[in-house]
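Listed below, chain by chain, are the residues.
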Amino acid sequence: MASAETLPAEYRVLARKYRPKTFAELIGQDALVRTLTNAISQNRIAHAFILTGVRGVGKTTTARIIARSLNCTGADGTGTATTEPCGVCPSCVSILEERNLDVFEMDAASHTSIDDIRTIIDGVHYKPTVSRYKIYIIDEVHMLSRSAFNALLKTLEEPPSHTKFIFATTEIRKLPITVQSRCQRFDLRRVSGELLAEHFSRITVLEGLEIESEAAGLIARAADGSVRDGLSLLDQAIARAFEFGGSTRAPMVTAESVKSMLGLADRGKIFDLFEATMRGEMALAIGIYDELHEVGADALQTAQDLLEICHSVTRIKLAGSTGAYLVDSSEKQRLQALGSGLSIPVLMRSWQLLLKAIAEIQQASDSKAALEMIIIRLGFMPDLPLPADLLKKAIVDSKNLPARGGATSSGGGGGATSARQGNTVMKLAYANSTPQASEAAELEAIAIPQNFNELVALAEARRDFNLMMELRKNCLVDSFAEGRIELTVIESPSPKFANHLSSQLSKWTRRAWVISLNQGAAGDRQTIAQFEQKQKSEELEWARSHALTSAFLKLFPDAEIKVLPITDPSLPPAPLTPSAAGDSADDSDFNPYRDMVPDSFSPPEDD
Ligand SMILES: [Zn+2]
């Protein structure tokens, strides 16, 4: 390969070449450095340390710097332990070259047994050969066997004054408490994206190349807090830059090459996809996804990118920052704009949907189709009311109604609200009753109707469906007081209607009722049935005119629109029972209770 010639003759991996030699060179671990510096300068040095943190943040590197700090003798050979090891004394040099006789490194991942640890421990009591301290660095210490820990513990309980232990672990919780309690603990933090990007840019320049800031940002983000992982990626990116770079100027690590190296889709396009999806612009969203797919974006990766954006939008909306490293500031603005248009419940449900989507994509034989269907589902989701919202709305609606009871219901309020109220009350009453068993309780609970809607509910509860339908479809209330009801009937009811109502009421409430009927124009008043029909048409109209619907109709021109209630048995029912859409013209036989009404029934016998 031609690039081999252009690479430096003795190429060392960056992570090794730029391994920090002093605390000052350690990036992103300010708190740890401060504590250690204090301890060393006050000569209060623990005899055992634990360094913990995710892989690649610099645990082993820190352990070696501590070893040099403790054993440095200074350039003139008279120094004591220092936070700034000189780097030139025999101790510093030999530790750097990993040949110091008094510094032992052991990887517990491959040396887990009691014998391995015994080899170390046996030497503990001998004085250091050349240095101030004998230092034992045990990496991945949580991997030691139980017996090995027990052997180690004995030494930790009474350590000779000339020994120091430095443990490193990615999984501190797997370490016995007895061991933890004998050590000073330091948590190495994930290095922030900003610091990593700066670090990678600086190193690239030191290597004689140029790097686009977006490229450094992309590597930083992929490194996810790990310096070592990031430097490995930078190694690859630099090798590519040499390979593809021109000869006229310094090779350049470009964002484009990093993207293709990392298999990343164009970030902006992912934002476009998320935005179009959440707006319900389905044709646009699917078009964007097609483009992404054509340039090789993987369905799973795309779903993960959408998930990440969903999280970032939510976080930026609530906390003002994403917590993750943003490649450029325009990304933040974009996230904020997206967040302002989306509610938290919608974002929460999108997150859940996308999480499930990832599993679905992994199982699907056609992953592109799977993600497409998920995008469509996502696009149609935001406008569905949440079950909790529906319940809240039902409660608020019933509280905001005009005063209940006959005193105020002169009939004028007989329209929308009271019909709605009636519907709610009635259905709740029905839902709460099981036939026969609770009849006595039901009678008590319903007691004497205080308004027209309660009257309708009572008729239903007592299963006088003919009476109920007559009240719903044909009656407007003029006045309502206990024992006396005045109704306007639109069409002449059966001659026995008034008598039937009166006697049923008397039977159910055990008191006398006087019913007067007026015949006349309804004016602008509506029966319960009319109100519900009107509401249903409005809902259909709303659904038809919605942006999501028109986007969907473009894709599926033959689709039929239906407004469906949420069918959750724990909730009050939606105000309408759906019927086929589009037949709004004539719905006079609309009956939300048709499922409950026997095909044929006769009105209950009058007493
Ligand atoms: Zn030194």
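What you see is a predicted model; the values in this text were computed from it and never measured.

What counts and what doesn't
Residues numbered from 1 in each chain as written. Predicted model: local features only at pLDDT ≥ 70, side-chain atom pairs only at ≥ 80, totals over all residues. Heavy atoms only, no water. Helix = DSSP H or I, 4+ residues; strand = E, 2+ residues; numbered from the N terminus. Buried < 20%, exposed > 50% of the residue type's maximum accessible area, 1.4 Å probe, protein only. Contact = heavy atoms within 4.5 Å. Areas by Shrake-Rupley, 256 points an atom, 1.4 Å probe, with all protein chains shown as cover. Donors = N, O, S within 2.8 Å, 3.2 Å for Na, K, Ca; no water. Tetrahedral: all angles 85-135°; square planar, octahedral: opposite > 155°, others 65-115°. Pairing = 2+ DSSP bridges. Axes fitted to C-alpha atoms, helices over the stretch in contact; angles between N-to-C directions. Parallel < 35°, antiparallel > 145°, perpendicular 65-115°, else oblique. Left-handed = near helix turned anticlockwise from the far one by under 90°. Core = buried A, V, L, I, M, F, W, Y, C linked by side-chain atoms within 4.5 Å. Nonpolar A, V, L, I, M, F, W, Y, C, P; charged D, E, K, R; others polar. Expected span 1.5 Å × (residues − 1). Salt bridge = Lys/Arg side-chain N within 4 Å of Asp/Glu carboxyl O. Phe/Tyr/Trp six-rings, centres within 6.5 Å; stacked < 30°, edge-to-face > 60°.

Visitor: I would appreciate a short explanation of the overall build of the chain in the present structure.
Guide: Along the chain, the regular secondary structure elements total 26 helices and ten strands. Considering the chain as a whole, with its 607 residues, one finds that 46% of them fall into the buried category. Residue pairs at least 24 apart in sequence account for 73% of intrachain contacts in the chain once pairs closer than 6 positions are excluded. For the chain, the exposed surface amounts to about 30800 Å²; the carbon and sulfur share of it is 52%.

Visitor: Would you mind going over the coordination of the zinc ion with me for this structure?
Guide: Angles at a metal have ideal values that depend on geometry: 109.5 degrees with four tetrahedral donors, 90 or 180 degrees with six octahedral donors. Coordination of the zinc ion by the protein comes from C72 (SG), C86 (SG), C89 (SG) and C92 (SG), over a distance range of 2.2 to 2.3 Å. Between the four donor atoms coordinating the zinc ion, the angles at the centre fall across 100 to 122 degrees, so the site counts as tetrahedral. The sequence motif formed by the donor residues of the zinc ion is C-x13-C-x2-C-x2-C.

Visitor: Please clarify how the sheet that holds strand β1 (residues 48-52) should be interpreted in this entry.
Guide: Sheet strands associate in pairs through backbone hydrogen bonding, adopting either a parallel or an antiparallel arrangement. Pairing within the open sheet is parallel, and its five strands lie in the order β2-β3-β4-β1-β5. Looking at strand neighbours, the two that pair on one side only are β2 (103-107) and β5 (184-187), the edges of this open sheet. Adjacent strand axes in the sheet meet at a mean angle of 15 degrees when their direction is disregarded. Bridging between β2 and strand β3 (residues 134-139) involves five bridges; their strand directions are parallel. Bridged to D107 within β3 is D139. Strand contacts of helix α3 (residues 30-41): β1 and β5, with the helix running at about 150 degrees to β5, the strand carrying the most contacts.

Visitor: Can you help me understand the environment of L188 in this one?
Guide: Along the chain, the position of L188 falls in the loop between β5 and α9 (193-206). On a C-alpha basis, the gap between L188 and K59 in space is 7.1 Å, while along the polypeptide they are 129 residues apart. If sequence neighbours within four positions are ignored, L188 has contacts with Q29, L32, L51, T52, G53, V57, G58, K59 and T62.

Visitor: What is the right way to read unusual backbone geometry from this model?
Guide: Glycine aside, the phi torsion of most residues is negative, and most peptide linkages are trans. Backbone geometry places E140, a non-glycine residue, at a positive phi of 50 degrees. Examined against the element boundaries, E140 turns out to sit in the loop between β3 and α7 (146-157). Owing to a relative accessible area of 19%, E140 belongs among the buried residues under this scheme. We note that D224 has phi near 50 degrees; this positive angle belongs to a residue other than glycine. Its place among the elements puts D224 in the loop between α10 (213-223) and α11 (227-244).

Visitor: Looking at this structure, how should I read the packing of helix α15 (residues 299-319) against helix α17 (residues 344-363)?
Guide: Close contact between α15 and α17 brings their axes to 9 Å; oriented N to C, the two are set at 160 degrees. As far as their axial angle goes, α17 and α15 are roughly antiparallel. Crossing of α15 over α17 shows left-handed handedness. For the pair α15 and α17, contact is made by A299, L300, A303, Q304, L306, L307, C310, H311, V313, T314, K317 and L318 and by I344, L347, M348, S350, W351, L354, L355, I358, I361 and Q362, respectively.

Visitor: Just to check I follow, could you spell out the nonpolar core for this structure?
Guide: Looking at soluble globular proteins, one finds that nonpolar side chains tend to be buried together. Counting 35 residues, the largest nonpolar core has L273, F274, I309 and L371 as its most contacted members. Where this core is concerned, the elements lending two or more residues are α13 (267-279), α14 (282-294), α15, α16 (329-340), α17 and α18 (367-380). Tallying contributions element by element places α15 first for this core, with eight residues. Discounting residues that sit within four places of it in the chain, L371 has contacts with Y289, A299, T302, A303 and I361. By size, the runner-up hydrophobic cluster in this structure holds 28 residues, among which are I203, L218, I219 and A237.

Visitor: In this structure, what is going on with the environment of D116? I would like to understand it.
Guide: With respect to the helices and strands, the residue D116 is situated in helix α6 (residues 114-122). For D116, a relative accessible area of 22% translates into the label partly exposed.

Visitor: Would you explain the packing of helix α22 (residues 452-461) against helix α23 (residues 465-474) in this entry?
Guide: In contact at an axis separation of 8 Å, α22 and α23 are set at 155 degrees when each is read in the N-to-C sense. Considering their axes alone, α22 and α23 lie roughly antiparallel with respect to each other. Where α22 crosses over α23, the two elements pack in a sense that is left-handed. Contacts between α22 and α23 involve F452, L455, V456, A459 and E460 on the former and, on the latter, F465, L467, M468, L471 and R472. The residue makeup of the contact of α22 with α23, split by class, is eight nonpolar, no polar and two charged.

Visitor: Just to check I follow, could you spell out the sheet that holds strand β10 (residues 514-519) for this structure?
Guide: Ordered by their spatial adjacency, three strands build an open sheet running β8-β9-β10, and the pairing between neighbours is mixed. Pairing within the sheet leaves two strands with one partner each, and these edge strands are β8 (475-481) and β10. Each adjacent strand pair in this sheet contributes to an overall mean axis angle of 20 degrees, direction not counted. Relative to β10, strand β9 (residues 484-489) runs parallel, the two being bridged by six bridges.

Visitor: Explanation requested: the environment of P176 in the structure shown.
Guide: Relative to the elements of secondary structure, P176 occurs in the loop between β4 (163-169) and α8 (177-180). P176 sits 34 residues away from H142 along the chain, and the two C-alpha atoms are 8.4 Å apart.

Visitor: It is not clear to me how the side chain of R64 should be interpreted in this structure. Could you clarify?
Guide: Following the sequence through the fold, R64 ends up in helix α4 (residues 59-71). If we ignore the near neighbours within four places in the chain, the residues touching R64 are R19, I95, E98, E105 and I137.

Visitor: Explain helix α25 (residues 528-545) here, please?
Guide: Since the α-helix turns once every 3.6 residues, residues separated by three or four places project in the same direction. Over its 18 residues, α25 extends 26 Å from the first C-alpha to the last, a length consistent with the 26 Å expected when each residue adds 1.5 Å. Among the residues of α25, those classed as buried are I528, A529, F531, E532, Q533, Q535, K536, L540 and A543.

Visitor: Help me understand the pattern of salt bridges, please; the structure alone is not making it clear to me.
Guide: Once the charged atoms of two side chains with opposite charge are near each other, the side chains can pair. Following the criterion strictly, the structure yields 22 salt bridges and no others. In this structure, E97 and R99 form a salt bridge, with 2.7 Å as the shortest nitrogen-oxygen distance. On the accessibility criterion, E97 (47% relative accessible area) is partly exposed. A single network of salt bridges, built from pairs that share partners, joins D272, E275, R279, E281 and R334.

Visitor: Would you mind showing me how to read the packing of aromatic side chains here?
Guide: Two aromatic rings, taken as a pair, are described by how far apart their centres are and by the angle between their planes. Going through the model one piece at a time under the given rule, you end up with five aromatic pairs. A ring pair is formed by F104 and Y136, whose centres lie 5.0 Å apart and whose planes are at 15 degrees; its orientation type is stacked. Here F104 is found in strand β2, whereas its partner Y136 is found in strand β3, with 32 residues between them in sequence. Overall, the relative accessible area of 33% leaves F104 in the partly exposed class. Ring centres of Y136 and F165 lie 5.2 Å apart, and the angle between their planes is 20 degrees; this geometry places the pair in the stacked category. Note that Y136 is positioned in strand β3 and F165 in strand β4, a separation of 29 residues in sequence. Exposure remark for F165: the relative accessible area of 0% places this residue in the buried category.

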